[in-house]
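# Coordinate analysis (summary)
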Amino acid sequence: MNLSVLFLREWRVLIRNRAAMINPIVFMFLAVMLFAVGSPLQDNTRALYGGAVLWLIVLLTNMLSLDSLFRRDFDNGTLEQMMVTADLPLLAVLVKIVVQWLGTGFLMVLLSPLLCLFLGLPGSAIVKTALLLLAGTPALSLLGAVGAAMTVGFARGGVLLGLLVLPLFLPVLVFGASGVSSEVAGISANAQLYWLAFISMVALLIGPFATTAGLKISLQL
Amino acid sequence: MALKQTLKELWHKLGSPRWFYQISGPWVTGFGVLALLLLGSGIVWGLAFAPPDYQQGNSFRIMYVHVPAAMVAQSVYISMGIAGLVLFVWRMKVADIAIAACLPFGIMLTALALFSGGVWGRPTWGTWWEWDGRTVSTLVLLFLYIGIFALREAILDSQMRARASALVAMVGTINIPIIKYSVDWWHTLHQPASITLTEKPTMPAEMWLPLLVMVLGMYFFAGHNIITRMRLEILRRESGTRWVRNLVLPEPTVKGSG
């Protein structure tokens, strides 16, 4: 199977199934609004916690959208066909993860100025926050896909998916949140940026292999 | 060549739960006796005879429970990851039994490490709970354990359950160092590890020797507990086979009598 064919197919599924892409993003803004309304009125507290809240919401939104990563294709049998017929099932899985990232992580990067604005983060932190998200969100999609592959066989895998995947997201949260807050404090967040990139690279080494193995287990191949 | 042959045979035999059950009987006794001796002498030595700390006074003595529990809890998780690898590559049934046995013991020890850490933190840090680097990584360890436990509960098919939990255990094991260092380098309140393999201990010998005895004792206790659980699980899984029936009812039953 050709790489571009695989990619085009996943891309079309993403575009035509708009709800699966838009609903998590709406959830994200809803969560931001609830935090902003619930926090004290002074602006400085919001800027203080903004980084942590931003990353926490990104983590949870990603988890929500991961639940539907393989579900539809699993239910209608496409996934099994892909795993059986693809020359390299690993490649098919990797393409699925990349497209999922385009629909969530990359979309969050594009929307991050808006998120920064709502969370009261200063304008000087906007570019770095977007870069931090760009470096960190691939790790979320790559590691989260393993959990999605393991729980795709259960009718209600959502909570279990969170239980399996959220502990693995912890390093991303640590460096992401500390990156945003050091940028808010006027200190360069380059160190955290490189760490996030490193974590994403490690996730790229583990994620696709473990996801392929997990899908084979769930499909009982 | 002879050694290689012996090892290969041993490897094949290890795949058989029945053989493992028969060979492991003496281990349970041996590990149990060693654990009892080491933990018993270590706790008396540490609590009663070791000198008080010049800063922390007597409160440091909870270290003799806290450090062994935390160390062994991590080791048990890593051995679970190794068992996962063995199961995944060689499809060895005993490895799945080992994972099932490691889970409850690991959860218990991690909880003990967190609890004793809280009790120790109260007099020294002035707080029961602090989101300190190593506290967080131990808490994450607990969540990783619980995640695998929940996954095993959710899957009914035994073959699938074995492979799924093996895979998650492996992924978790690869992530442990990343999680550990990421939270360690974040703001940390915890004192650095008192005993490492590469450096001389910062404590006098009267203080770290009982700790060493406790750590060794805890490892033997882990061996004792996990192998006992494995043996029970083997009996449960193989309860339909003839060798288990012969084990439970040694005399052949006479049909139709009485």
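Since the model is a prediction, treat every value here as computed from it, not as a measurement. (Residues numbered from 1 in each chain as written. Chains lettered and ligands numbered in written order. Predicted model: local features only at pLDDT ≥ 70, side-chain atom pairs only at ≥ 80, totals over all residues.)

### Looking at the overall build of chain B
A tally of regular secondary structure across chain B gives 8 helices and 0 strands. Looking at chain B residue by residue over its 258 residues, the buried ones come to 38%. Once local pairs closer than 6 in sequence are excluded, the contacts in chain B between residues at least 24 apart make up 79%. (Helix = DSSP H or I, 4+ residues; strand = E, 2+ residues; numbered from the N terminus. Buried ≥ 20, exposed ≤ 12 C-beta atoms within 10 Å, placed from the backbone. Contact = placed C-beta atoms within 7 Å.)

### Comments concerning the overall build of chain A
The number of helices and strands found in chain A is 10 helices and 0 strands. What you see in chain A, going N to C, is helices and strands ordered as α-α-α-α-α-α-α-α-α-α. Relative to a compact globule of 221 residues, whose C-alpha radius of gyration would be 17 Å, chain A shows 18 Å and is just as compact. Its C-alpha atoms put chain A at 55 × 30 × 30 Å along the principal axes. For chain A, the residues scored as buried account for 49% of the 221 residues in total. Pairs at least 24 residues apart make up 82% of the contacts formed inside chain A by residues separated by at least 6 positions. (Rg over C-alpha atoms; globule rule 2.2 N^0.38 Å.)

### Some points on the packing of helix α2 (residues 17-49) of chain B against helix α7 (residues 205-237) of chain B
Residue and element names in this part refer to chain B. Packing of α2 against α7 leaves a shortest axis separation of 7 Å and a crossing angle of 150°. By the angle between their axes, α2 is roughly antiparallel relative to α7. Classified by chirality, the crossing of α7 by α2 is left-handed. Residues of the contact of α2 with α7, tallied by class, amount to 22 nonpolar, 9 polar and 2 charged. (Axes fitted to C-alpha atoms, helices over the stretch in contact; angles between N-to-C directions. Parallel < 35°, antiparallel > 145°, perpendicular 65-115°, else oblique. Left-handed = near helix turned anticlockwise from the far one by under 90°. Nonpolar A, V, L, I, M, F, W, Y, C, P; charged D, E, K, R; others polar.)

### With respect to unusual backbone geometry
A positive phi is found at Arg91(B), a non-glycine position, where the angle reads about 50°. Within the secondary structure layout, Arg91(B) lies in the loop between α3 (63-90) and α4 (93-125).

### Concerning the interface of chain A and chain B
Counting from both sides, the interface comprises 21 residues of chain A and, opposite them, 21 residues of chain B. Of all elements in the fold, only α8 (126-151), α9 (158-184) and α10 (190-218) of chain A reach the threshold of two or more residues within the side of chain A that touches chain B. The residue inventory of the side of chain A that touches chain B, partitioned by class, reads 18 nonpolar, 3 polar and no charged.

### What about the environment of Val152(A)?
Residue and element names in this part refer to chain A. Along the chain, valine 152 turns up in the loop between α8 and α9. Judged by the 23 C-beta atoms lying within 10 Å of it, valine 152 falls in the buried class. For the pair valine 152 and serine 68, spaced 84 residues apart in the sequence, the C-alpha separation amounts to 8.5 Å. Setting aside its immediate chain neighbours within four residues, valine 152 contacts Phe70, Arg71, Phe74, Gly157 and Ser218.

### A short note on helix α7 (residues 105-118) of chain A
Residues and elements named next belong to chain A. The first and last C-alpha atoms of α7 sit 18 Å apart over 14 residues, in line with the 20 Å expected at 1.5 Å per residue. Maximum bend of α7: about 55°, positioned at leucine 111, with proline proline 113 one to four residues after it. Those residues of α7 that sit buried are Gly105, Met108, Val109, Ser112, Leu115 and Cys116. Looking at the residues trailing α7, positive phi occurs at glycine 120, about 75°. (Expected span 1.5 Å × (residues − 1). Bend = angle between axes of the 7 residues up to and from the residue.)

### Quick look at the confidence of the model for chain B
On average, residues of chain B score 84 in pLDDT, and 90% of them reach the 70 mark or higher. For this predicted complex, the interface confidence reaches an ipTM of 0.82, while the overall pTM sits at 0.85. (pLDDT = per-residue confidence, 0-100.)

### Description of α8(A)
Between its first and last C-alpha, α8(A) extends 36 Å over 26 residues, near the 38 Å set by a 1.5 Å rise per residue. Most of α8(A) sits out of view: 21 of its 26 residues are buried.

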